[in-house]
Amino acid sequence: MADKESIKETHNYYLNTPMKNEPFMLRGSNSLEWGIKNRLSNIFNTDSGRTVMLAIDHGYFLGPTAGLERIDVTIVPLLPYADTLMCTRGILRSTIPPTFTKGIVLRASGGPSILKELSNEEIAVDIEDAIRLNVAALAVQVYIGGEYETKSIHNMTRLVDMGNRYGIPVLGVTAVGKDMARDAKYMRLATRICAELGASYVKTYYVDEGFETVTASCPVPIVIAGGKKLPELDALKMAYNAIQQGAAGVDMGRNIFQSEAPIAMLQAVRKIVHENMTPEEAYEVYQSLKTSKSKHQNPK
Ligand code: 5RP
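In this report, the structure presented in the accompanying data block is examined. What you see is a predicted model, and the numbers here were worked out from it, not measured in a lab.

## Looking at the site of the ligand
For step 1, the next point in the chain: Contacts to the ligand come from 16 residues, most closely from Asp57, His58, Gln141, Gly253 and Arg254.
For step 2, the next point in the chain: Take Arg107: an N or O atom from its side chain is 3.3 Å from an oxygen atom of the ligand.
For step 3, the next point in the chain: The separation between an oxygen atom of the ligand and a polar side-chain atom of Lys203 is 2.8 Å.
For step 4, the next point in the chain: In a pocket analysis with a 2 Å cut-off to the grid points, the ligand is assigned to the largest pocket.
For step 5, the next point in the chain: Across the shell around the ligand, the residue classes tally to six nonpolar, five polar and five charged.

Listed below in C-alpha cells is the structure:
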C-alpha cells in the first residue's frame, strides 16, 4: 500500500512548457495507429528515419538459394548488423534465435515455386500466427501487370485490413515478372498502387533513370531490393543513388549474403543509409573491414 505519511505536496505542471506534438519520422505515416508506428519504429532507425533490412526470404519460392543453404551458419552472425530481418515463419521458428529483438518483417504471401507462375500467390500466414511471432510487419508480393495481378493486390488489401485490425504494418513488395519493363514508369505505377491500397511502405527495384520520380510520387516510404549480385562497389553505388533520390532504406539480400565478406558489406551499406557516406568512402570501409578480420569472410 502507498505510504500516506510523506506525500509530496508541491507539484510542477510545467505550465510554460507546451506539450510536444512532433510529426512521426516517416513520410505519409502521421495518421497511422500507435501500434503501427511503434512497429515501424522497430524497422526504421528513429534518428535517420531509414532502414537496412536484411532480406533472406528467397527460399519461399527458390529453395536453398546460394548463400542461404545454412542460415544458421551464414546469416545468424549477420543479425547484429541489420536493422530488420525479412524472412519466412519457417526460418524464423527453426533458425533465428528468439533473442533477436529487432523488427521481423514476415513473408506473408507464397504458393508457387520458381517452376510455376509466380504471380499466382495466396496469403501464406494467419494474422494470429503473425501476432504470436511478434512481427513488426507483413510482406506481400504484388504483381502489377502479372497474370494474377488482381489476386496479388487482393492478397495485399486483405493483409492491410488484418494488419490494421491489430496494428501491424504491411510492406507491399513490387515484383517484376520476367517480361515486365524495369523502368521508372512501371515502378511509379506499381509503388503508387501499393500505397493507394494501404501499404505502410513499399519495396521496389532501383532504376537508373528517373528513380526520384518513383519516390516523389509514392506517398509512403520506399525501400529498394538489392537484386542480383553485383560487384560490391556497384551495389554500394546503387544504394547511395537510391537514398540520395529519396529512398528510405534498402531491403538487401544477395548483395549482402553472396558477398565475399557479408558482415563488412552490411556495415558499408549502413554507412550509406544512415550516415550519407559516399559509395567510395563506404567501399573503403568494406575493404578495410574485409581485410582486418578473417571472421568477416563468408564461411565456406
Ligand atoms: C523476394 C524478395 C526478396 O526479399 C528480395 O528480392 C530482396 O532480395 P535481393 O536483394 O536478393 O533482391 O522480396 O521476392
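Read on for the rest.
## Brief notes about the layout of surface pockets
For step 1, the next point in the chain: Taken as a whole, the largest pocket spans an internal volume of roughly 1200 Å³.
For step 2, the next point in the chain: Ala175, Val176, Arg182, Tyr205 and Arg254 are, among the 43 residues lining the largest pocket, the residues nearest its centre.
For step 3, the next point in the chain: Contributing elements (two or more residues each) for the lining of the largest pocket: helix H2 (59-62), strand S7 (170-174), strand S8 (201-204), helix H9 (232-244) and strand S10 (249-252).
For step 4, the next point in the chain: Looking at the lining of the largest pocket element by element, the count peaks at three residues for H2.
For step 5, the next point in the chain: Looking at the lining of the largest pocket residue by residue, the classes come out as 18 nonpolar, twelve polar and 13 charged.
For step 6, the next point in the chain: Size it by volume and the second largest pocket reaches roughly 320 Å³.
For step 7, the next point in the chain: Phe100, Lys102, Ile104, Leu133 and Asn134 are, among the 17 residues lining the second largest pocket, the residues nearest its centre.

## A closer look at the packing of aromatic side chains
Here a ring pair, both rings aromatic, is described through the centre-centre distance and the interplanar angle of the planes.
For step 1, the next point in the chain: Throughout the structure, instances matching the rule amount to four aromatic pairs.
For step 2, the next point in the chain: A centroid spacing of 5.1 Å and a plane angle of 75 degrees characterise the contact between Phe44 and Tyr201, whose relative ring orientation is edge-to-face. With a gap of 157 residues between them, Phe44 in the loop between helix H1 (34-40) and strand S1 (51-55) and Tyr201 in strand S8 connect regions that are remote in the sequence.
For step 3, the next point in the chain: Look at Phe44 and you get buried, because its relative accessible area is 2%.
For step 4, the next point in the chain: A relative accessible area of 0% means that Tyr201 is categorised as buried.
For step 5, the next point in the chain: With centroids separated by 5.8 Å and ring planes inclined at 25 degrees, the aromatic side chains of Tyr283 and Tyr286 adopt a geometry described as stacked. Note that Tyr283 and Tyr286 are positioned in helix H12 (residues 279-292) at a spacing of three residues, about one turn of the helix.
For step 6, the next point in the chain: Accessibility expressed as a relative area gives 25% for Tyr283, which makes it partly exposed.
For step 7, the next point in the chain: Its relative accessible area of 2% is what places Tyr286 among the buried residues.

## What to know about the nonpolar core
For step 1, the next point in the chain: Core analysis: the largest hydrophobic core is formed by 78 residues, its most contacted members being Ile56, Ile75, Leu85, Leu138, Phe211 and Val269.
For step 2, the next point in the chain: Examining the composition of this core, we find that eight residues originate from one element, helix H11 (residues 262-275), more than from any other.
For step 3, the next point in the chain: The contact partners of Phe211, leaving out residues within four places of it in the chain, are Thr204, Tyr205, Tyr206, Ile222, Ile224, Ala242, Gln245 and Ala247.
For step 4, the next point in the chain: In terms of nonpolar packing, the next biggest core, distinct from the first, is built from 18 residues, Phe44, Met86, Val105 and Ala136 among them.

## Observations regarding the sheet that holds strand S2 (residues 84-87)
For step 1, the next point in the chain: Read around the barrel, eight strands follow the order S1-S2-S3-S6-S7-S8-S9-S10 and close on themselves; strand pairing throughout is parallel. Strand-to-strand twist across the sheet, computed as the mean angle between neighbouring axes with direction ignored, equals 25 degrees.
For step 2, the next point in the chain: The pairing of S7 with S8 spans three bridges and is classified as parallel. Within S8, the residue paired with Leu171 across the bridge is Tyr201.

## What to know about the pairing of S10
For step 1, the next point in the chain: Residues Gly249 and Asp251 of S10 are buried on one face, and the alternating residues Val250 and Met252, pointing to the opposite face, are buried as well.
For step 2, the next point in the chain: Taken together, the four bridges between S1 and S10 define a ladder with parallel strand orientation. Residue Leu54 lies in a different strand from S10, and its bridge partner there is Met252.
For step 3, the next point in the chain: Looking at chain direction, strand S9 (residues 222-225) and S10 are connected through two bridges and run parallel. What sits directly across from Ala225, in S10, is Asp251.
For step 4, the next point in the chain: Each parallel crossover has a hand, and the one from S9 via H9 to S10 is right-handed.

## Some details on the pairing of S9
For step 1, the next point in the chain: When S8 meets S9, the two strands line up parallel, connected through three bridges. Counted as the bridge partner of Lys203 is Val223 from S9.
For step 2, the next point in the chain: Handedness of the crossover joining S8 and S9 through helix H8 (residues 211-216): right-handed.

## A few points about H9
For step 1, the next point in the chain: If you check H9, its first and last C-alpha atoms are 18 Å apart, about what 13 residues at 1.5 Å a residue would give, namely 18 Å.
For step 2, the next point in the chain: Among the residues of H9, Glu232, Ala235, Leu236, Met238, Ala239, Ala242 and Ile243 are the ones counted as buried. Taken end-on, H9 shows its buried residues confined to a sector of 155 degrees, consistent with a single buried face.
For step 3, the next point in the chain: Contacts from the buried residues of H9 go to H8, S9, S10, helix H10 (254-257), H11 and H12.
For step 4, the next point in the chain: Gly246, located one to two residues past H9, shows a positive phi value of around 105 degrees.

Conventions adopted
- Residues numbered from 1 in each chain as written.
- Predicted model: local features only at pLDDT ≥ 70, side-chain atom pairs only at ≥ 80, totals over all residues.
- Heavy atoms only, no water.
- Near = heavy atom within 4 Å.
- Polar contact = N/O pair within 3.5 Å; in protein donor to acceptor, adjacent residues only side chain to side chain.
- 1 Å grid on protein atoms, 1.4 Å probe; cavity = no way out; pocket = protein on both sides within 12 Å on 5 of 7 lines; lining within 4 Å.
- Sits in = over half its atoms within 2 Å of the grid points.
- Nonpolar A, V, L, I, M, F, W, Y, C, P; charged D, E, K, R; others polar.
- Points joined across faces, edges and corners; volume = space filled by probe spheres on them.
- Helix = DSSP H or I, 4+ residues; strand = E, 2+ residues; numbered from the N terminus.
- Phe/Tyr/Trp six-rings, centres within 6.5 Å; stacked < 30°, edge-to-face > 60°.
- Buried < 20%, exposed > 50% of the residue type's maximum accessible area, 1.4 Å probe, protein only.
- Core = buried A, V, L, I, M, F, W, Y, C linked by side-chain atoms within 4.5 Å.
- Contact = heavy atoms within 4.5 Å.
- Pairing = 2+ DSSP bridges.
- Axes fitted to C-alpha atoms, helices over the stretch in contact; angles between N-to-C directions.
- Right-handed = clockwise from strand over helix to strand, strands pointing away.
- Expected span 1.5 Å × (residues − 1).
- Arc of directions from axis to C-beta.

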